[in-house]
Amino acid sequence: LEDAAAWQAIGAELPTLLDEDGLARYFPADWLPGSDVLTAYVLAIAHAAGAPLPEAARTRMLDALEALATGKRPYRRLFRPGDDTLRRLITLEALARHGRVTPAMLEPLSIHPQLWPTSALLDWYSIQRHATALPGRDARLAEADTLLRNRLVWSATRLGFSTEARDGLWWLLRSADENAARALLLVADSPEWAEEAPRLAGGTLARQVKGHWDTTLANAWGTLAMRRYATRFEREAVGGQSTAALGGAAQTLDWGAAPATGGAQVFDWPASGRGELRLAHQGSGAPWALVQASAAIALRQPLAAGLKVHRSVESVQAAVPGRHTRGDLVRVKLAIDAQQDLTWVVLSDPLPAGSNVVGGLRNAATPLGVQAGGLGHWPAFTEAGFEHYRAYFDVLPRGTTRLEYLVRLNAAGEFRLPATRAEAMYAPDLFGALPNGTMTIAAAPSPAAPSPAAPVGGR
């Protein structure tokens, strides 16, 4: 909040909030043990904010964390087993900010950052950033940087992580929103991330719901991250005019008359089919531009933008083996690959004209929910019309989800089917599409003529 008086008042109370070992506790009660996670957070957020803590209390907290990191005192057991590595990383990250990490403190760690949740990867990244004298530091920093880049997932303009399903470690004061903010804060000053930083900032802001992130800690880290970003990239307020030109047409945005969030400029696609978009700004500040192209074109190759669709058709009852014939029964198998956990996704699959889904028209087709590497998830609703089959998922887990349905082919001919498409209903930039081409259905074979009757009687 940048309230110096409130921070000073909290600092004056800090000694009463430390236990006998020097760990911070949530309430000033002598019977309440301190928390290593809370202690590390207080030290880390104060360091990141450049806000001084009372020296005596700060030294006691650092000594307490150092005693844990060196094994002089054991970690107090939490109700979640298996968190020893994660808690040790949290401890070391706070110590690294104050220059108190030694190579010996890393020896008890089983160092496999590719297996850690994102919060632990960020702790490891921060340790390497702040403890510059650690052996092998450059290689470890490069590895952590690569792993972080590989975990970033974009849903339209929203920043997500491929590990988000297991990143909500609330008992360790960690959340996915906090991870986004900490990631931005870590790389905001890095020249290697200069091009990605604006997108990270926008993606972190897009995670907000009703103007805030999910936890108090996420809001604290988010505030610091945005201030750090603004200090480097947005030192001046935006003013003047921004101009966009495409195919001989030009439009100007006057920042004096526009809202602080800017405005949208829409252009027709150039008649020649090709054109150069030119953006220019005259005035103060450095505005952002989000460019999006929309066109109605035939889909010839599978398209994956956060979702990938698979489809196959097999015969169940066939009049003529090896081909589709009027009256046949076929099974359509569909699969969606999602890069992250999503809510409200619709999968739409076209039907040849005249065909019908076996089982009825509404919520009748039977899905086969199979989740790769875990439990399946059934659609919240299925819809079988005369032109398409649709499945609506209220939750679509990360990984592969499969379903299938039966179709009776009731008309002969060549049917040019539109694409099968999966789309996040409230983030339409996140989708997958699969071209289907032409489906040929032959006419039913004519029934065999009856054999002539044998003559009756004799001579």
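Residues numbered from 1 in each chain as written. Predicted model: local features only at pLDDT ≥ 70, side-chain atom pairs only at ≥ 80, totals over all residues. Heavy atoms only, no water.

*Asks:* Any chance you could explain the packing of helix α8 (residues 176–187) against helix α10 (residues 216–233) here in plain terms?
*Replies:* The description of two helices packed together rests on the angle between their axes and the distance between the axes. One way to put it is that α8 packs onto α10 with a least axis distance of 8 Å and a crossing angle of 25°. Comparing the axis directions of α8 and α10 gives the class roughly parallel. For the crossing formed where α8 meets α10, the hand is left-handed. Contacts from Asp-177, Glu-178, Ala-181, Arg-182, Leu-184 and Leu-185 in α8 reach Leu-217, Ala-218, Trp-221, Gly-222, Leu-224, Ala-225, Met-226, Arg-228 and Tyr-229 in α10. Among the residues making up the contact of α8 with α10, the classes are represented as 10 nonpolar, one polar and four charged. (Axes fitted to C-alpha atoms, helices over the stretch in contact; angles between N-to-C directions. Helix = DSSP H or I, 4+ residues; strand = E, 2+ residues; numbered from the N terminus. Parallel < 35°, antiparallel > 145°, perpendicular 65-115°, else oblique. Left-handed = near helix turned anticlockwise from the far one by under 90°. Contact = heavy atoms within 4.5 Å. Nonpolar A, V, L, I, M, F, W, Y, C, P; charged D, E, K, R; others polar.)

*Asks:* Any chance you could explain the nonpolar core here in plain terms?
*Replies:* One broad rule of soluble globular proteins: the nonpolar side chains tend to lie buried together. Formed by 73 residues in total, the largest nonpolar core has its most connected members in Leu-92, Leu-148 and Trp-221. Among the elements that take part in this core, helix α2 (residues 36–49) stands out by supplying 10 residues, more than any other. Every residue in contact with Leu-92, bar those within four places of it in the chain, is listed here: Ala-69, Val-101, Met-105, Leu-106, Leu-109 and Ile-127. In terms of nonpolar packing, the next biggest core, distinct from the first, is built from 29 residues, Val-309, Leu-334, Ile-336 and Met-439 among them. (Core = buried A, V, L, I, M, F, W, Y, C linked by side-chain atoms within 4.5 Å. Buried < 20%, exposed > 50% of the residue type's maximum accessible area, 1.4 Å probe, protein only.)

*Asks:* Before we go on, may I ask you to explain the packing of aromatic side chains in this structure?
*Replies:* Aromatic ring pairs: the centre-centre distance and the angle between the two ring planes describe each pair. This model, assessed by the stated rule, comprises six aromatic pairs. With centroids separated by 5.7 Å and ring planes inclined at 80°, the aromatic side chains of Trp-116 and Trp-124 adopt a geometry described as edge-to-face. Accessibility assignment for this pair places Trp-116 and Trp-124 in one class, buried. Between Tyr-229 and Phe-233 the ring centres are 4.7 Å apart and the planes differ by 20°, which places this aromatic pair in the stacked class. You can see Tyr-229 and its partner Phe-233 sitting in helix α10, four residues apart, about one turn around the helix. Given a relative accessible area of 3%, Tyr-229 falls into the buried group. Judged by its relative accessible area of 23%, Phe-233 falls in the partly exposed class. Residue placement shows Arg-199 over the ring face of Trp-154; its charged tip is 4.0 Å from the ring centre. (Phe/Tyr/Trp six-rings, centres within 6.5 Å; stacked < 30°, edge-to-face > 60°. Lys NZ or Arg CZ within 6 Å of the ring centre and 35° of its normal.)

*Asks:* Help me out: how do you make sense of the confidence of the model for the protein in this one?
*Replies:* In regions of low pLDDT, the predicted coordinates are not meant to be interpreted in detail. In this model, the protein carries an average pLDDT of 87, and 91% of its residues clear a pLDDT of 70 or more. Taken as a whole, residues 360–376 scores under 50 in pLDDT and shows 40 contacts with residues more than four places along the chain or in a different chain. (pLDDT = per-residue confidence, 0-100.)

*Asks:* Help me understand the layout of surface pockets, please; the structure alone is not making it clear to me.
*Replies:* To find leftover empty space, one rolls a probe the size of a water molecule over the atoms. In this structure, the largest pocket spans a volume of roughly 1,800 Å³. In terms of lining, the largest pocket is formed by 50 residues, of which the most central are Trp-288, Ala-289, Leu-290, Val-291 and Gln-292. Breaking the lining of the largest pocket down by element, the ones donating at least two residues are α9 (197–205), α10, β3 (241–246) and β5 (278–282). Broken down by class, the residue content of the lining of the largest pocket amounts to 29 nonpolar, 15 polar and six charged. Considered as a void within the structure, the second largest pocket measures approximately 1,000 Å³ in volume. (1 Å grid on protein atoms, 1.4 Å probe; cavity = no way out; pocket = protein on both sides within 12 Å on 5 of 7 lines; lining within 4 Å. Points joined across faces, edges and corners; volume = space filled by probe spheres on them.)

*Asks:* Mind showing me how you'd approach unusual backbone geometry here?
*Replies:* With glycine set apart, most residues show a phi of negative sign, and most peptide bonds adopt trans. Positive phi is not limited to glycine here, since Glu-2 has a value of about 55°. Relative to the assigned elements, Glu-2 resides in the segment before α1 (4–13). Taking the relative accessible area as the measure of exposure, Glu-2 reaches 67% and is therefore exposed.

*Asks:* Looking at this structure, I do not really get empty space enclosed by the protein. What am I missing?
*Replies:* Under the criterion given, the structure shown has three cavities of 30 Å³ or more. Quantified by volume, the largest cavity comes out at close to 70 Å³. In terms of lining residues, the largest cavity is bounded by Val-37, Ala-40, Tyr-41, Ala-44, Ile-90, Glu-93, Arg-97, Arg-174, Arg-182 and Trp-221. Those elements giving two or more residues to the lining of the largest cavity turn out to be α2 and α4 (84–97). Residue composition of the lining of the largest cavity, grouped by class: six nonpolar, no polar and four charged. In this structure, the second largest cavity occupies an estimated 40 Å³ of space. Lining of the second largest cavity is provided by Arg-311, Val-313, Val-330, Val-332, Leu-351, Pro-352, Val-407, Leu-409 and Met-439.

*Asks:* Looking at this model, I keep getting lost on the side chain of Thr-420. Mind explaining?
*Replies:* Mapping Thr-420 onto the fold places it in strand β16 (residues 420–424). Of the residues examined, Thr-420 reaches a relative accessible area of 0% and is grouped as buried. Polar side-chain contacts of Thr-420 include one of 2.9 Å to the side chain of Asn-436. If we skip the residues at most four places from it in the chain, Thr-420 touches Val-309, Arg-311, Leu-334, Leu-347, Ser-348, Asp-349, Pro-350, Gly-432, Ala-433, Leu-434 and Asn-436. (Polar contact = N/O pair within 3.5 Å; in protein donor to acceptor, adjacent residues only side chain to side chain.)

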